[in-house]
Amino acid sequence: MKHRVLAAIAGLAMAVGLSAPVAGASPGHRHRVPPLPAMLLKAKQMPAGWRVTRVGGASPATSGCLAPKGMPKAVARASRAFAHRGSVPELVEKLAAFRALPATKFTALLRTLSGCRAFSFRDNGKKVRAKVAKVSFPHLGDQSAAYEFSFPVKGLTVGIDALIARKGHIALLLMEADFGSPSVVQFEHVAKLAVAKVH
C-alpha cells in the first residue's frame, strides 16, 4: 500500500513540474540559488508521532489531464517526507525554484488541474486510475489551489490532499495521504506553516 501511495505522490509531483530535471546554469549567467532545504518543514513542526521518512524514488509516468504540461525547468529542488509512526498518514513536501515563474504560467497550470477529473499512473507495471476534485481551501502565497485525489488499494480507498502554491519564483507542492480522507484541519495547519517558511 505504501509503495502505491509513494508512486501516486511522485506522479503528481512530476505532473506539475516539481520533479522535472534541474536546469543547468547558462554560460556567463550567475543566478542565486535559494536555500530551499532550509525552507522545508521540520519534524518538530509536525503533529506528535510524525517523523521524517524517505522520499519516494523515481516518478512514474502519468497520463490523462495530469500528464506533464511544460512547466519551466527548475534551478533547484528540495523535498522531505514524513510518516505517522512509520506508516500512514504520510506527508510529502516538494519545493522548486525557477529563474522566472510568471503568474500567467502558474495560472494556466492551475486551470488545467482544476478541470481534471481523473488520471492514471503505473505501480509495478499495473495501471491505477485515480479520481481528482478541486476543493475549497484558504488562499496561501501569491497563488494557490487545493485538490483531492483518491484511488483504490486492495479494496480500500486512499485519499490524498494536495496543495499547489506559488510564492515569488518558488513553487510548493504539499501532499498528505491516508486511508479514506486525510484530516482537513491538520492538513490546513501544516500547509500554512509550509507556505510561511518559503521566502
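Conventions used here
Residues numbered from 1 in each chain as written. Predicted model: local features only at pLDDT ≥ 70, side-chain atom pairs only at ≥ 80, totals over all residues. Heavy atoms only, no water. Helix = DSSP H or I, 4+ residues; strand = E, 2+ residues; numbered from the N terminus. Buried < 20%, exposed > 50% of the residue type's maximum accessible area, 1.4 Å probe, protein only. Areas by Shrake-Rupley, 256 points an atom, 1.4 Å probe, with all protein chains shown as cover. Lys, Arg positive; Asp, Glu negative; His and termini not counted. Salt bridge = Lys/Arg side-chain N within 4 Å of Asp/Glu carboxyl O. Contact = heavy atoms within 4.5 Å. Expected span 1.5 Å × (residues − 1). Arc of directions from axis to C-beta. Phe/Tyr/Trp six-rings, centres within 6.5 Å; stacked < 30°, edge-to-face > 60°.

A few points about the overall build of the chain
Scanning the chain from terminus to terminus reveals 4 helices and 9 strands. Helices and strands appear in the chain in the N-to-C order α-α-β-β-β-β-α-β-β-β-β-β-α. A total of 199 residues make up the chain; the buried ones form 49% of that total. For the chain, the accessible area works out to roughly 9400 Å², and carbon and sulfur atoms hold 55% of it.

Observations regarding the side chain of Lys197
Counting through the fold element by element, Lys197 comes out in helix H4 (residues 184-197). Look at Lys197: it is buried, it has no salt bridge, and the nearest opposite charge is Glu93 at 7.0 Å. Those residues in contact with Lys197 that sit more than four places away from it in its chain are Ala38, Met39, Leu40, Leu41, Lys42 and Gln45.

Section: helix H3 (residues 103-114)
Between its first and last C-alpha atoms H3 spans 16 Å; for 12 residues at 1.5 Å apiece the expected length is 16 Å, and the two agree. Along H3, the residues that are buried comprise Phe106, Leu109, Leu110 and Leu113. Burial along H3 is one-sided: seen end-on, the buried residues are contained in an arc of 95°. For H3, exposure combined with an orientation more than 90 degrees from the buried face picks out Thr104 and Arg111. Against strand S7 (143-153), strand S8 (156-167) and strand S9 (170-179) lie the buried residues of H3.

Brief notes about the packing of aromatic side chains
Taken as a whole, this structure holds 2 aromatic pairs when the rule is applied. Ring centres of Phe119 and Phe149 lie 5.9 Å apart, and the angle between their planes is 90°; this geometry places the pair in the edge-to-face category. Separated by 30 residues along the polypeptide, Phe119 in strand S5 (residues 118-123) and Phe149 in strand S7 bring together distant segments of the chain. Across the pair, Phe149 and Phe119 agree in class, each one buried. Between Phe137 and Phe187, the aromatic rings sit 5.7 Å apart at their centres with planes inclined by 55°, giving tilted as the arrangement. A residue pair is termed long-range when its members are at least 10 positions apart, and Phe137 in the loop between strand S6 (126-135) and S7 and Phe187 in helix H4 qualify at 50 residues. With respect to burial, Phe137 and Phe187 carry one shared label: buried.

These figures come from the coordinates and say nothing about function on their own.
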